Structures are given as C-alpha cells and as structure tokens.
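Structure assessment
Each chain, written out:
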Amino acid sequence: MANFWYNEAKRALAEGELDLVDDTLQVMLVMTNTTVDTEDDVNTISGFTTLDEYDGANYARGTIANLGITEDSSNDRAEIDGDNQVFASLGAGTRQCQAAVVFKFVTNDSDSVPIAYYDTGGFPFDGTGSNVTVQWNAQGILQIT
C-alpha cells in the first residue's frame, strides 16, 4: 500500500474546515487486521469497519508538534511537516503495526476526521519495548500538488 489522503480530509480542506497548522493533528498506530487502508471514504475515525488500533504496552495516540507548511516551488507543491512522532517504550502488540493514521482530533472518534494513511519508512514492525519513531518523509508528512 502507499501513503494516501482520505477523501473527507480533501473535502474539508477545500471547504476551509481543515487547518493543517492550527487544528490538533494526532497520530494513531494500526495493526494488520485494520481496514483503514481500504476505506478511504469514511468521514470519521469511528466510521472505519475495523480500526485495529495498536494494543502494545505503553501505546497512546500522539499529537504532532510544530506543524508548518512550506512551498516547494521546484516540485509545484505545498508540504505540510511537523516533528517526528515518538512512541516511548512501545511494547509488542497482538499483531504487527502496519501503519500510522494522521487525523484531526476534535473531541472523540465520532467527530475526529481521518486525514492520511502513512505506511512508509519502517512499517510494518513489532514493538520491542524500545522507543519507536515514526519518521516522516523528508518532503513532509503530507503534500498538496
């Protein structure tokens, strides 16, 4: 699978309902039984048929810090970036971690909007009790072309 944007995020961005710098963007990890990689048209996190969120020791969703947008004129796009996400002392889950899902956190899963599926740069993996860093692409977490 490749990284992709969810359709609701594209719509919300076009309507001005999604602010990729000032909204709270969070990251969750999902395991190999998830359907988030095939359901690109859901509107909320609770809309996924099978979330299969990571269940290893010490896991908690994280908030992306230092969000910013830059223009990459040589590649004709905007790049949205933030700090790499560190999951400290991440224990093994019941299945491998398949990907990260970036989403706009509002108050809970029923109103939080999935933005992007991210499975490059170290996925899949098994937690071993060490820190796991989701290192975003050098050209940003997301790109708008």
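Residues numbered from 1 in each chain as written. Predicted model: local features only at pLDDT ≥ 70, side-chain atom pairs only at ≥ 80, totals over all residues. Heavy atoms only, no water.

A closer look at the overall build of the protein chain
Looking only at helices and strands, the protein chain has one helix and ten strands in total. The order of helices and strands in the protein chain, counted from the N terminus, is β-α-β-β-β-β-β-β-β-β-β. Relative to its length of 145 residues, the protein chain is compact, with a C-alpha radius of gyration of 15 Å against a globular reference of 15 Å. Taking the principal axes of its C-alpha atoms as reference, the protein chain extends roughly 40 × 30 × 25 Å. (Helix = DSSP H or I, 4+ residues; strand = E, 2+ residues; numbered from the N terminus. Rg over C-alpha atoms; globule rule 2.2 N^0.38 Å.)

Quick notes on the environment of phenylalanine 87
Relative to the helices and strands, phenylalanine 87 is located in strand E6 (residues 85–87). The spatial distance from the C-alpha of phenylalanine 87 to the C-alpha of valine 132 is 5.1 Å, given a sequence separation of 45 residues. Among all residues touching phenylalanine 87, those that are not within four sequence positions of it are Val27, Leu29, Tyr59, Ala60, Gly62, Ser130, Asn131, Val132 and Val134. (Contact = heavy atoms within 4.5 Å.)

Digging into the pattern of salt bridges
Should the charged atoms of two oppositely charged side chains come close, the side chains can pair. Under the counting rule described, the total for this entry stands at eight salt bridges. Aspartate 52 is the salt-bridge partner of arginine 95, the closest N and O atoms lying 2.4 Å from each other. Here arginine 95, found in the loop between E6 and strand E7 (97–104), pairs with aspartate 52, found in the loop between strand E2 (25–31) and strand E3 (62–63); they are 43 residues apart in sequence, far enough to count as distant. Between arginine 77 and aspartate 72 there is a salt bridge, with the nearest N and O atoms lying 3.5 Å from each other. Each member of the pair arginine 77 and aspartate 72 is classed as buried. Ionic contacts of the salt-bridge type, sharing partners, join the residues Glu8, Arg11 and Glu17 into one network. (Salt bridge = Lys/Arg side-chain N within 4 Å of Asp/Glu carboxyl O. Buried < 20%, exposed > 50% of the residue type's maximum accessible area, 1.4 Å probe, protein only.)

As for unusual backbone geometry
Along the chain, phenylalanine 123 connects to proline 124 via a cis peptide bond; the corresponding omega equals -10°. Mapping proline 124 onto the fold places it in the loop between strand E8 (113–118) and strand E9 (132–134). Despite not being glycine, serine 89 has its phi angle at roughly 50°, a positive value. When you line up the elements, serine 89 lands in the loop between E6 and E7. The partly exposed category is assigned to serine 89, whose relative accessible area is 33%.

A closer look at helix H1 (residues 7–14)
Every buried residue of H1 is listed here: Glu8, Ala9 and Ala12. Looking down the long axis of H1, one finds its buried residues gathered within 100° of arc, a one-sided arrangement. Where H1 terminates, the next one or two residues include glycine 16, which has phi positive at roughly 80°. (Arc of directions from axis to C-beta.)

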